[in-house]
Every structure is written in C-alpha cells, then in structure tokens.
Amino acid sequence: MSSPDSQERQKEEAKNIRLRIETLIKDTDSKARMVRGLCIYAGMITETLLEYEEPDVVMEQAFHRISDLVQAEPAEEKADGDLLPLAYIIDHDTELGRVLARNTAKKLPKGLDDMHEIAIALIISDFPLWEKEGYARDKMLRLLVESVIASLTFEMATQDFCDLLVEDFMSDSHTTAEALTGLGAVAGNYFNIAQAQMKLPPTAETEFMNVMVRESLRHGTPGTKDWASLAAANDSEDKNIPEYLKEIKPAVEEFFVLIGLDDPLGRAVAVAKAVGRMVAVISVEDVGQIHPSIAKSLAKTGMILGAHYKEQVITA
C-alpha cells in the first residue's frame, strides 16, 4: 500500500498529466477528445507494462481491475471503425502516453509502479465524464483494451524485427544499406495491402511515413526532421526489392500470425517502427558506417518501392 506522501505525490502528478493532455489534445469534437485521451492513457499503461517480466499477465490484471472499478465489462465485439482509430493514429497517441509515463515516473518514489496507479486513477475518473457525453462504458473499455494491446504489440514487434534484421538478414552477408531498404520495402508492402483492402484517407501515406520518422527521432537520430525533403537513394530503382521481400517477409509474417495481428495497416505500422528504430541504431551507434541522411534516404526509398510494388505483392 502506498504511503500518504506517495499518494499525495501521485495526485499531484496526476493533475500535471491531465493539464499536459489538455495542451496536447486540441480537438473540439468530444468524440475525438475521448478517443485520443483513452489512447494516451493506453500508452501510459503500456509503458508501465514493459517493466514487468510477464507484461501480458499484468495487463490482464489491470483490465480486470479497471472493469471492476468502473463497474462494466469490455464490449464483446471489437470497437467499430467509427470509434477505433487507424493504426498509425493509435501509435501516435499511445506514444504520447508512453513519453508522459516515462517523464513522470522519474519524479515518483516507485517510478513506473506509481505511474501504473496514476494511469488507472485517471481512467476511472474520466469514464463517468465521458459517459455523460454519450459514450458507453463497455465500448470505451473495449477501445482501451485494443489500444493497449496494439501499443504493446507494436513495441514487441519492433524489437523482434530489429533483432531479426541484424541476426538473420545482415549476418547472411547483406549490407546495412540492403537491410534498411529491405525492411522498408516490407513495411511499404504491407501498406500496399492495406490500401487495397481498406479505404484510407488521402493523408494516409504521409501519416504512415511519419511512423518511421517519429520512431527514428525518438531514439536519437540526428539531422533533419523533414524527411519529405530527402532525395531518393541512388538505388531508387533497386531490382532486388522482390528478393528482399522474399527473404525478410516470411519471418515477419510468421510473427504476426503467431500473435494474431491480422490488420494489414497495423502490420505496416509495426514494421515501419522497426525501420525507424534501425535508422536510429545505425545513426547513433555507427552500426554499418552509414551517415544519418543516407540511412534515412535508404529507409524512405525502401518504403516507397515496397508500397508501389503492386505487380508482385508478397503476401507470405
């Protein structure tokens, strides 16, 4: 049980977080505010889960606890398209929550353990307010559950795919440049599939590219943040794209099947995050001796080529 001092500190930081979220969410639409707020809270919970050896067990415990406290169960069906954001939006807002959690945990006696309690307290205090605006508790719970699972999945997939690229693809005589282009092509290929199966907004390609950019910057990649201005790499007509897809994608596909991630856009986002993190690893740690601007350009080029490689979409 938390001490009185610890509880007061949690209350103080909870107020600070609420004020910070108010500055982050500028939307005037009540549904957008609710959905974005829940996604940010989901990111906060995700960040705390990553501290545990069995995050899935702690996640289930947190969901049951929140359900008991708000006296509702998550809706049986998945959150519908009118409520559940697209994968790249979930990633954007859950990452905001993860950053808030990390920064706040540094100020708390028990770090992320205290942060976990704060996240749950914020959720249960906002549910009645959102319910008054017309949103059912069971559907909000379902949105929270799916957002936490998506955020946790993206992080686990990112780590797994970076390891896969280094341990399997690069160790098999492939260069760092080929690895970046190849993994970028896999991300773009999944985005191509998503475009074929879903009606995406006109901004989708830019938003998808920004997943990679944000992840790269988040992990310390130096240089320009405006990747849109980067020229294509010299191998922008790389004839090896089909081969890269055949070599890398089956293992990636196997991972998605294993964890049950069927959404092609969600798959694209997960791989894009891995591409961005690899750019950071290469840029910050000098792996492969590639200049940051070249690493960015190679990753961007791979994504574009993979996304536009319509005549040979590799599905497995």
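Residues numbered from 1 in each chain as written. Predicted model: local features only at pLDDT ≥ 70, side-chain atom pairs only at ≥ 80, totals over all residues. Heavy atoms only, no water.

Looking at helix α2 (residues 30–49)
Alright, step 1. Spanning 20 residues, α2 covers 29 Å between terminal C-alpha atoms, matching the ideal 28 Å at 1.5 Å per step.
Alright, step 2. Burial runs high along α2: 16 of the 20 residues are buried.
Alright, step 3. Among the residues of α2, the N-terminal cap falls to D29, whose side-chain oxygen and the backbone nitrogen of K31 are separated by 3.2 Å. (Helix = DSSP H or I, 4+ residues; strand = E, 2+ residues; numbered from the N terminus. Expected span 1.5 Å × (residues − 1). Buried < 20%, exposed > 50% of the residue type's maximum accessible area, 1.4 Å probe, protein only. Polar contact = N/O pair within 3.5 Å; in protein donor to acceptor, adjacent residues only side chain to side chain.)

Things to note about the confidence of the model for the protein chain
Alright, step 1. Averaged over all residues, the pLDDT of the protein chain is 88; the fraction at 70 or higher stands at 88%.
Alright, step 2. When pLDDT is averaged over each helix and strand of the protein chain, the minimum, 87, is found for helix α1 (residues 4–24) and the maximum, 97, for helix α4 (residues 87–105). (pLDDT = per-residue confidence, 0-100.)

Things to note about the side chain of H174
Alright, step 1. Residue position: H174 is located in the loop between α6 (137–169) and α7 (176–197).
Alright, step 2. On the basis of relative accessible area, H174 is assigned to the buried category, the value being 16%.
Alright, step 3. Polar side-chain contacts of H174 include one of 3.3 Å to the side chain of E178.
Alright, step 4. Only 2.8 Å separates the side chain of H174 from the side chain of E247, close enough to count as a polar contact.

Let's talk about the nonpolar core
Generally speaking, a soluble globular protein has its nonpolar side chains buried in company with each other.
Alright, step 1. In terms of nonpolar packing, the biggest core is built from 54 residues, with F161, V252, F256 and V271 touching the most fellow members.
Alright, step 2. Of all the secondary-structure elements, those providing two or more residues to this core are α4, α6, α7, α8 (204–218), α9 (241–259), α10 (264–285) and α11 (292–307).
Alright, step 3. With 11 residues, α10 is the largest single contributor of residues to this core.
Alright, step 4. In contact with F161, not counting residues within four places along its chain, are V252, F255, F256, A270, V271 and A274.
Alright, step 5. Residues L38, L49, M115 and F127 belong to the second largest nonpolar core, which totals 42 residues. (Core = buried A, V, L, I, M, F, W, Y, C linked by side-chain atoms within 4.5 Å. Contact = heavy atoms within 4.5 Å.)

Section: helix α5 (residues 112–132)
Alright, step 1. The end-to-end C-alpha distance of α5, which contains 21 residues, comes to 31 Å, matching closely the 30 Å that a straight helix rising 1.5 Å per residue would cover.
Alright, step 2. Considering bend angle alone, the principal kink of α5 is centred on D126 and spans about 30°; proline P128 follows within four residues of it.
Alright, step 3. Buried within α5 we find L112, D114, M115, H116, I118, A119, I120, L122, I123, D126, F127 and W130. (Bend = angle between axes of the 7 residues up to and from the residue.)

Looking at the environment of R214
Alright, step 1. Tracing the backbone through its elements, the reader meets R214 in helix α8.
Alright, step 2. When the C-alpha atoms of R214 and A272 are compared, they prove to be 10.0 Å apart, with 58 residues separating the residues in sequence.
Alright, step 3. Not counting residues within four places of it along the chain, the set of residues in contact with R214 comprises Y88, D91 and H92.
Alright, step 4. Side-chain polar atoms of R214 contact the side chain of D91, separated by 3.2 Å.

Some details on a negative patch on the surface
Alright, step 1. Judged by side-chain charge, D160, D163, E167, D168, D172, E243 and E247 come together as a negatively charged surface patch.
Alright, step 2. Listed by contribution, the elements that provide at least two residues to the negative patch are α6 and α9.
Alright, step 3. No other element matches α6, which puts 4 residues into the negative patch.
Alright, step 4. Counting through the fold element by element, E247 comes out in helix α9. (Patch = residues over 30% accessible without salt bridge, like charges linked within 9 Å, V, L, I, M, F, W, Y side chains within 5 Å. Areas by Shrake-Rupley, 256 points an atom, 1.4 Å probe, with all protein chains shown as cover. Salt bridge = Lys/Arg side-chain N within 4 Å of Asp/Glu carboxyl O. Lys, Arg positive; Asp, Glu negative; His and termini not counted. Charge placed at Lys NZ, Arg CZ, Asp CG, Glu CD.)

Some thoughts on the side chain of R36
Alright, step 1. Position of R36 among the secondary structure elements: in helix α2.
Alright, step 2. Overall, R36 belongs to the buried group, its relative accessible area being 18%.

As for the pattern of salt bridges
Alright, step 1. One pass over the structure, following the stated rule, counts 20 salt bridges.
Alright, step 2. With a shortest N-O distance of 2.6 Å, R98 and E47 are connected by a salt bridge. Linking R98 in helix α4 with E47 in helix α2, this pair joins segments that are 51 residues apart in sequence.
Alright, step 3. The class of R98 is buried, set by a relative accessible area of 6%.
Alright, step 4. Here R102 ties to E47 by a salt bridge, and the two come within 3.1 Å at their closest N and O atoms. You can see R102 sitting in helix α4 and its partner E47 sitting in helix α2, a full 55 residues away along the chain.
Alright, step 5. Its relative accessible area of 29% is what places R102 among the partly exposed residues.
Alright, step 6. Look at the salt bridges and you will find they share partners, linking E47, D91, E95, R98, R102, E155, R214, E215, R218, K273 and R277 into a network.

Here we look at unusual backbone geometry
Alright, step 1. Phi angles above zero are rare outside glycine, and Q71 is one such case at about 55°.
Alright, step 2. Along the chain, Q71 falls in the loop between α3 (55–70) and α4.
Alright, step 3. Judged by relative accessible area, Q71 falls into the exposed class, the value being 72%.

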